[in-house]
Amino acid sequence: MGKRSRQRQKNQTAGRDSRDNAGWGAGYADIVKENKLFEHYYKEQGLVPDGEFEQFMEALREPLPATIRITGYKSHAKEILHCLKEKYFKDIQELEIDGQKIEAPQALSWYPDEQAWHTNMSRKIIRKSPLLEKFHQFLVSETESGNISRQEAVSMIPPLLLKIEPHHKILDMCAAPGSKTAQLIEMLHSDMDVPFPEGFVIANDVDNKRCYLLVHQAKRLNSPCIMVVNHDASCIPTLQIDSDGKKDILFYDRILCDVPCSGDGTMRKNIDVWKKWTTSNSLHLHGLQLRIAVRGVEQLAVGGRMVYSTCSLNPIEDEAVIAALLEKSEGALELADCSADLPGLKWMPGVTSWKLMTKEGQWFSDWSEVPSSRHTQIRPTMFPPKDPEKLASMHLERCMRILPHHQNTGGFFVAVLEKKSLMPWNKRYPKGNGAEFPHLGTTSFSVFFVCVPPPLKKMRLFGYKEDPFVFLTEDDPVFTTIQSFYDLSPGFPKLNVLTRTHEGKKRHLYMVSKELRNVLLNNSERMKVINTGVKVWSRNSDGEEFGCAFRLAQEGIYTLQPYIRSRIIRVSVEDIKVLLTQENPFLSKLEDDAHAQAKKLGMGSIVLKYIPNPNNPAEPQCPIQLCGWRGKTSIRAFVPRNERFHYLRMLGVEVFRDKQGLGQKRRDGDKEGKEEVADEVEKEEEGAAENEEDLDLENANENGSSEPKTDSGNQGTSS
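- For the protein chain, the name recorded in an unreviewed UniProt entry is tRNA (cytosine(34)-C(5))-methyltransferase, with Lates calcarifer as its organism.
- The UniProt entry for the protein chain carries the following comment under Sequence similarities (unreviewed entry): "Belongs to the class I-like SAM-binding methyltransferase superfamily. RsmB/NOP family."

In structure tokens, the structure reads:
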């Protein structure tokens, strides 16, 4: 792929960003929402039902509704939903702001289990209105904690249509900024009792800087089953895995192919599109989109499913790509019928005829009409197939186009492809010589837009140089004290533990699933890994005097805790309130049961574990696990600020900071609780850290707790 094409792919991601990264920032300055060429083009294409075109255009001129999605895999999802419905939504529904009556938020009818909601409030109103300040703080805080994603409604569709199972190997080809990647991770972890699902997500993006945005999104979910890589999606390398001592090619069960596009479905939010839109955008992108889609289906397992999606309404980027893919597949691919998969979602079937228009307004209905001077810009694959029988067999009507005026959303296109056999150009190579991917042997090949890197050639790395990923051996000395201090169970997968340095002291220890370990160990020369693993331990500079040089990290506690058999204190709801609202409470502040357990433990890192009581529905009905530190006479929780606020909300404690930075939290009917929480928030506002690494770990406090010092180092697994 040439430099110009690579740059175009980077530059044409505005649409995907715009719908994925549905933040709540201020809107654009007033832009005239008119584009006569756009209107003329889409009237001629006939994509909008008769009599609805004016509604279609009016919807595009309206601000996009705010939408949120509750993180589905966390066992806390139901508690978050309860908090939203019983507290924040009730406070909102009677409001009137700037003459506009605020309607009660509504669940998206087609999203399962009421996990996604939309409201008629614009993002600007949510951010700027003093009456909605609490709601805005709630959204920001819970988003940072990974419990809510602020994501445009149509962006939520592709992961649902993939039908993810926990054992699936998944590739997200153009993943940044990562909202859909987060959905894929959630689906892998649908059973929270399984810390290491067999499946994994490899999330890729061509732009090195955008990969770090992707890392930020993925890290909120604290999964050991996600890897972020940095490659051109149109020639993303084929990976190998070890299978029973032999090298096998890694084929993916599910692939999300959400390609760079012109983004004209995002006009309601990405208002620049109104003045920048031209037909040449689609003509320039079609080839890249097709190359990425081809590369995807090559790496798809037979029997697997790939979702192709864009936030463009243009058939050149949509049906034309799908038709070209189906035609070249010679029956290896089929469009799946998803009409019953998302009941409640309104969509238009894909079209079987369309025309091309140049930016000067010249129309072409067939390749034969295109003058040779235009052949570099306009390609045969941009036109519908001529053969009526072949066209009918493609079932392009199974594609789904979402129009903005039907359900007050952005515009979107999605198609689901199922792979029935190997791609025809792969079948032609003899077995034993890299049958599906000959470039794993001695030869490279390039056919039908396929871009393949030479075998094991040293990669040219762009962007930041990453630290290495170094797996520990089972007899690594660090395990000696960790094993005894935390009494790790025999089933603890030591081989899944890695660090980011070859030399010197190991600052942080991370864990990945055994399947991702397999991928990492067998492909170090083939791929550029930006980030993988969830942090489970961090070194204490003076921790050895407490029996172990490594303390537990909150990010990895839900992954690690099933293997820990000591250093656990069972706590009650009231204990958690004390631990999260007081900086270093004396052990005596705990209730009798927890107090007695704490007294039996020596100083050092601990797990604070709450197990729900089904006989008391007034209390949270989900398990809570917090990292803490048992001092000489006190105890504290090491929990990042936003997570601390999250747990307090779940326990019925209101968390709010006014715009002057003065702390205001309230626990109903508890004056002492009000004062404690207010004091704590003021401390946070005065500069207390947003993550556990930045908490004041250096000095013993007045309660006499000797607390751990942590070595400075990389936060998370990305450099």
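1. Overview of the overall build of the protein chain
Okay, step 1: Counting secondary structure elements, the protein chain contains 23 helices and 31 strands.
Okay, step 2: Sorting the 719 residues of the protein chain into buried and exposed places 60% on the buried side.
Okay, step 3: Summed over all atoms, the accessible surface of the protein chain reaches about 28900 Å², with 48% contributed by carbon and sulfur.

2. Here we look at the sheet that holds strand β26 (residues 568-570)
Okay, step 1: What the four strands build is an open sheet, ordered β26-β27-β28-β29; its pairing is mixed. This sheet does not close on itself; its edge strands, each paired only once, are β26 and β29 (635-637). Looking at each pair of strands side by side, their axes are set apart by 35° on average, direction ignored.
Okay, step 2: Of the pairings in the sheet, the one linking β26 to strand β27 (residues 604-610) comprises three bridges and is parallel in character. Its bridge partner being in β27, Ile569 is matched across the sheet by Leu608.
Okay, step 3: The strands touched by helix α20 (residues 573-581) are β27, β28 (624-630) and β29; relative to β29, the strand with the most contacts, the crossing angle is about 85°.

3. Some words on the packing of aromatic side chains
Okay, step 1: Tallied over the full model, the rule gives 19 aromatic pairs.
Okay, step 2: Put simply, the rings of Phe196, Phe479, Phe485, Tyr486, Phe492, Trp537 and Tyr563 pair up and form one aromatic cluster.
Okay, step 3: In this structure, Lys355 packs its charged tip against the face of Trp363, placed 4.6 Å from the ring centre.

4. Overview of the packing of α20 against helix α22 (residues 641-650)
Okay, step 1: One can describe the packing of α20 onto α22 by two numbers: an axis separation of 10 Å at closest approach and a directional angle of 145°. Crossing handedness for the pair α20 and α22: left-handed. Listed contacts from α22 to Leu579, Leu580 and Thr581 of α20 are Arg644, Tyr647 and Leu648.
Okay, step 2: Its residues placed into classes, the contact of α20 with α22 shows four nonpolar, one polar and one charged.

5. What about the nonpolar core?
Okay, step 1: Membership of the largest hydrophobic core comes to 126 residues, with the highest contact counts inside it found for Trp110, Ile202, Ile322 and Leu396.
Okay, step 2: Considering each element in turn, this core owes the most residues, eight residues, to helix α12 (residues 279-299).
Okay, step 3: Split by domain, the residues of this core number at least three in each of domain 1 (65-150) and domain 2 (154-174 + 233-421).
Okay, step 4: If we skip the residues at most four places from it in the chain, Ile322 touches Tyr308, Leu335, Leu396, Cys399, Phe413, Ala415 and Leu417.
Okay, step 5: In terms of nonpolar packing, the next biggest core, distinct from the first, is built from 27 residues, Val571, Leu601, Met650 and Val655 among them.

6. Comments concerning unusual backbone geometry
Okay, step 1: Of the consecutive residues Ala176 and Pro177, the connecting peptide bond is found in the cis state with omega at 5°.
Okay, step 2: Positionally, Pro177 belongs in the loop between β7 (169-172) and α9 (179-188).
Okay, step 3: The phi dihedral of Lys163 falls on the positive side, at around 55°, and the residue is not glycine.
Okay, step 4: Looking at the secondary structure, you find Lys163 in the loop between α8 (157-162) and β7.
Okay, step 5: Taking relative accessible area as the criterion, Lys163 reaches 39% and is therefore assigned partly exposed.

7. Looking at the pairing of strand β24 (residues 534-539)
Okay, step 1: Where burial is concerned, most of β24 is hidden: six out of the six residues are buried.
Okay, step 2: Bridge count for strand β22 (residues 508-511) against β24 is four bridges, and the pairing is antiparallel. Counted as the bridge partner of His508 is Ser538 from β24.
Okay, step 3: Of the strand pairs in this sheet, β24 and strand β25 (residues 550-552) are connected by three bridges, and their pairing is antiparallel. In the sheet register, Ser538 faces β25, and the bridge partner there is Arg551.

8. Quick notes on the packing of α12 against helix α13 (residues 319-329)
Okay, step 1: The N-to-C vectors of α12 and α13 enclose an angle of 45°; their axes lie 10 Å apart at closest approach. The angle between α12 and α13 places the two elements in the oblique class. The chirality of how α12 crosses α13 is right-handed. Contact residues: α12 offers His286, Gln289, Leu290, Ala293, Val294 and Val297, while α13 offers Ala320, Val321, Ala324 and Leu325.
Okay, step 2: Residue classes in the contact of α12 with α13 are distributed as eight nonpolar, two polar and no charged.

9. Some remarks on the confidence of the model for the protein chain
Okay, step 1: Of the residues in the protein chain, 81% have a pLDDT of 70 or more, and the chain-wide mean is 83.
Okay, step 2: Ignoring residues within four places in sequence, the model shows residues 21-28, a span with pLDDT below 50, making 27 contacts including any to other chains.
Okay, step 3: Contacts for the low-pLDDT stretch residues 430-461, under 50 throughout, to residues beyond four places or in other chains number 69 contacts.

10. Quick notes on the UniProt feature "active site" (unreviewed entry) in the protein chain
Okay, step 1: Listed under "active site" (unreviewed entry) in the UniProt record, and renumbered for this structure, are Cys311.
Okay, step 2: Locating Cys311 in the fold gives a position in the loop between β13 (300-310) and α13.
Okay, step 3: Relative accessible area serves as the criterion here: at 0%, Cys311 is assigned to the buried category.

11. A few points about the sheet that holds strand β1 (residues 66-70)
Okay, step 1: Ordered by their spatial adjacency, four strands build an open sheet running β4-β5-β1-β6, and the pairing between neighbours is antiparallel. In this open sheet, the two strands that pair with only one neighbour each are β4 (106-107) and β6 (148-149).
Okay, step 2: Pairing of β4 with strand β5 (residues 116-119) involves two bridges; the strand directions are antiparallel. Its bridge partner lying in β5, Gln106 is registered against His118.

12. So, α9
Okay, step 1: Within α9, 10 of the 10 residues are buried, leaving the element largely enclosed by the surrounding structure.
Okay, step 2: Within the sequence span of α9, burial applies to Ser179, Lys180, Thr181, Ala182, Gln183, Leu184, Ile185, Glu186, Met187 and Leu188.

13. A look at the environment of Ser122
Okay, step 1: Among the structural elements, Ser122 can be located in the loop between β5 and α6 (123-128).
Okay, step 2: Beyond its immediate chain neighbours, meaning those up to four positions away, Ser122 contacts Pro63 and Leu64.

What counts as what
- Residues numbered from 1 in each chain as written.
- Predicted model: local features only at pLDDT ≥ 70, side-chain atom pairs only at ≥ 80, totals over all residues.
- Heavy atoms only, no water.
- UniProt positions renumbered as here; feature names shortened; annotations may be inferred.
- Helix = DSSP H or I, 4+ residues; strand = E, 2+ residues; numbered from the N terminus.
- Buried < 20%, exposed > 50% of the residue type's maximum accessible area, 1.4 Å probe, protein only.
- Areas by Shrake-Rupley, 256 points an atom, 1.4 Å probe, with all protein chains shown as cover.
- Pairing = 2+ DSSP bridges.
- Axes fitted to C-alpha atoms, helices over the stretch in contact; angles between N-to-C directions.
- Contact = heavy atoms within 4.5 Å.
- Phe/Tyr/Trp six-rings, centres within 6.5 Å; stacked < 30°, edge-to-face > 60°.
- Lys NZ or Arg CZ within 6 Å of the ring centre and 35° of its normal.
- Left-handed = near helix turned anticlockwise from the far one by under 90°.
- Nonpolar A, V, L, I, M, F, W, Y, C, P; charged D, E, K, R; others polar.
- Core = buried A, V, L, I, M, F, W, Y, C linked by side-chain atoms within 4.5 Å.
- Domains from an automatic or database assignment.
- Parallel < 35°, antiparallel > 145°, perpendicular 65-115°, else oblique.
- pLDDT = per-residue confidence, 0-100.

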